[in-house]
Amino acid sequence: SEALLPRNLTIYDYANNKVAKGRISKGQRKVEEPKLILEQSEEVLDMDEDVEHQKRKKDTNENEVDAGHVYNEFTLDFWFMISEYMQPEDVGRFALICKTTHYVASTAKFWYHLYYRYYKPDIELPLRLQPDCMRRLDGLRSAVIRSLFYTYPPFAERPKFSTDLSALKKLQLIGTWFTKTKNLWATCFKFCQKGKKKKKKCIASNVTASWDDDSNDFAQAVADVTDNPEECCKILTIFTARFIPVPTFISQKLFISEAMQPLSKDLRSTKVKLEFVDYSGKFVGMATFDPIVSCKIHDWWSPEYNVL
């Protein structure tokens, strides 16, 4: 029975015993720990010195390389001349070359040249996109882009709308309305990305005006060529054979959390389900249109955007 009892501790079981058992004594441990810390700190300092030395060496090499190069800065007239041969698809890449090209792509001269380069009198354009109305500098860039979807063949051949409802996720609802087209009802929802609206600023109108000059309008001189209130906006149009009212909880402070187009119960048509949440992500309600004939999503540059 005594063999089953636990063994009593003796003095030889402690660290300072005289009999060696392969255990480091406390006194020896206290001496070795500072040495280890000191060695580690010295290694860290050596590594820091090596990094600083390599950084100084790299900076010196870069300065030596830069000293052997000659850089040329092209004038503004040069970039304006290049921009006259720019294709509409390459405008974005052209504006990203440098600050000067970005400025060129923000001027009225650049967009006027692009507009008249592809303008054709035999193509019917909306009133805002007619040459007489293009004298208005405010929002000139967006107007020219919209006109290219009428006059520029590669843009005109693109699809005028999309049917991918996933593009509406996290967009804020800013308006709803109804229209009647032939035998169909069209329910329209206008969405915009949250936080994308920016303050209007005045840049690059390239018009010299004064208060005493009657030939120039001061409002034109401070107009923003790149202003586009409809930027980042989309319009969802749902066509139904009968009138389906919008739920009463719909307001302009809601966001789309889910947009789906599943099959209806009859398995012969589809329906649209829009799930709305508030600013905190709390579920508010779901709008269901069942059945539908079709649904379309139009971006701000679409020819049908302002017709709806």
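Being a predicted model, the structure only gives us computed values, none of them experimental. (Residues numbered from 1 in each chain as written. Predicted model: local features only at pLDDT ≥ 70, side-chain atom pairs only at ≥ 80, totals over all residues. Heavy atoms only, no water.)

## Focus: the layout of surface pockets
Then comes step 1: Approximately 740 Å³ is the volume attributed to the largest pocket.
Then comes step 2: Every element with two or more residues in the lining of the largest pocket is listed here: helix H3 (91-95), helix H5 (108-118), helix H6 (140-151) and strand E7 (294-299).
Then comes step 3: Looking at the lining of the largest pocket element by element, the count peaks at four residues for H6.
Then comes step 4: Across the lining of the largest pocket, the residue classes tally to 18 nonpolar, six polar and seven charged.
Then comes step 5: Of the domains in this structure, domain 1 (76-157) and domain 2 (161-197 + 230-299) are the two that each give at least three residues to the lining of the largest pocket.
Then comes step 6: Taken as a whole, the second largest pocket holds about 260 Å³ of empty space. (1 Å grid on protein atoms, 1.4 Å probe; cavity = no way out; pocket = protein on both sides within 12 Å on 5 of 7 lines; lining within 4 Å. Points joined across faces, edges and corners; volume = space filled by probe spheres on them. Helix = DSSP H or I, 4+ residues; strand = E, 2+ residues; numbered from the N terminus. Nonpolar A, V, L, I, M, F, W, Y, C, P; charged D, E, K, R; others polar. Domains from an automatic or database assignment.)

## Remarks on the pattern of salt bridges
Then comes step 1: Counted under the stated rule, the structure contains four salt bridges.
Then comes step 2: Among the ionic pairs, Lys 169 bridges to Glu 258, the shortest N-O distance being 3.6 Å. Taken as a pair, Lys 169 in the loop between helix H7 (153-156) and strand E1 (171-181) and Glu 258 in strand E4 (residues 255-260) lie far apart in primary sequence, 89 residues in all.
Then comes step 3: On the basis of relative accessibility, which here comes to 37%, the residue Lys 169 falls in the partly exposed class.
Then comes step 4: Judged by its relative accessible area of 26%, Glu 258 falls in the partly exposed class. (Salt bridge = Lys/Arg side-chain N within 4 Å of Asp/Glu carboxyl O. Buried < 20%, exposed > 50% of the residue type's maximum accessible area, 1.4 Å probe, protein only.)

## A word on the confidence of the model for the protein chain
Then comes step 1: When pLDDT is averaged across the protein chain, the result is 78; 67% of the residues are at 70 or more.
Then comes step 2: Contacts for the low-pLDDT stretch residues 30-34, under 50 throughout, to residues beyond four places or in other chains number zero contacts.
Then comes step 3: Counting interchain partners and residues more than four positions distant, the pLDDT-below-50 stretch residues 199-216 has 35 contacts. (pLDDT = per-residue confidence, 0-100. Contact = heavy atoms within 4.5 Å.)

## Quick notes on the environment of His 113
Then comes step 1: Assignment of secondary structure puts His 113 in helix H5.
Then comes step 2: Given a relative accessible area of 34%, His 113 falls into the partly exposed group.

## Here we look at the pairing of strand E2 (residues 184-193)
Successive residues of a regular strand alternate their side chains across the two faces of the sheet.
Then comes step 1: By the criterion of burial, E2 is predominantly enclosed, with seven of the ten residues buried.
Then comes step 2: By the bridge criterion, ten bridges tie E1 to E2 in an arrangement that is antiparallel. Within E2, the position partnered with Phe 178 by the bridge is Thr 187.
Then comes step 3: Inspection of the sheet shows E2 paired to strand E3 (residues 233-240) by eight bridges, in the antiparallel sense. Within E3, the residue paired with Cys 192 across the bridge is Cys 233. (Pairing = 2+ DSSP bridges.)

## Some thoughts on unusual backbone geometry
Then comes step 1: Here the residue pair Asp 290 and Pro 291 is connected by a cis peptide bond, since its omega of -5 degrees sits within 30 degrees of zero.
Then comes step 2: Positionally, Pro 291 belongs in strand E6 (residues 283-292).
Then comes step 3: Residue Lys 182 is not a glycine yet carries a positive backbone phi of 55 degrees.
Then comes step 4: Following the sequence through the fold, Lys 182 ends up in the loop between E1 and E2.

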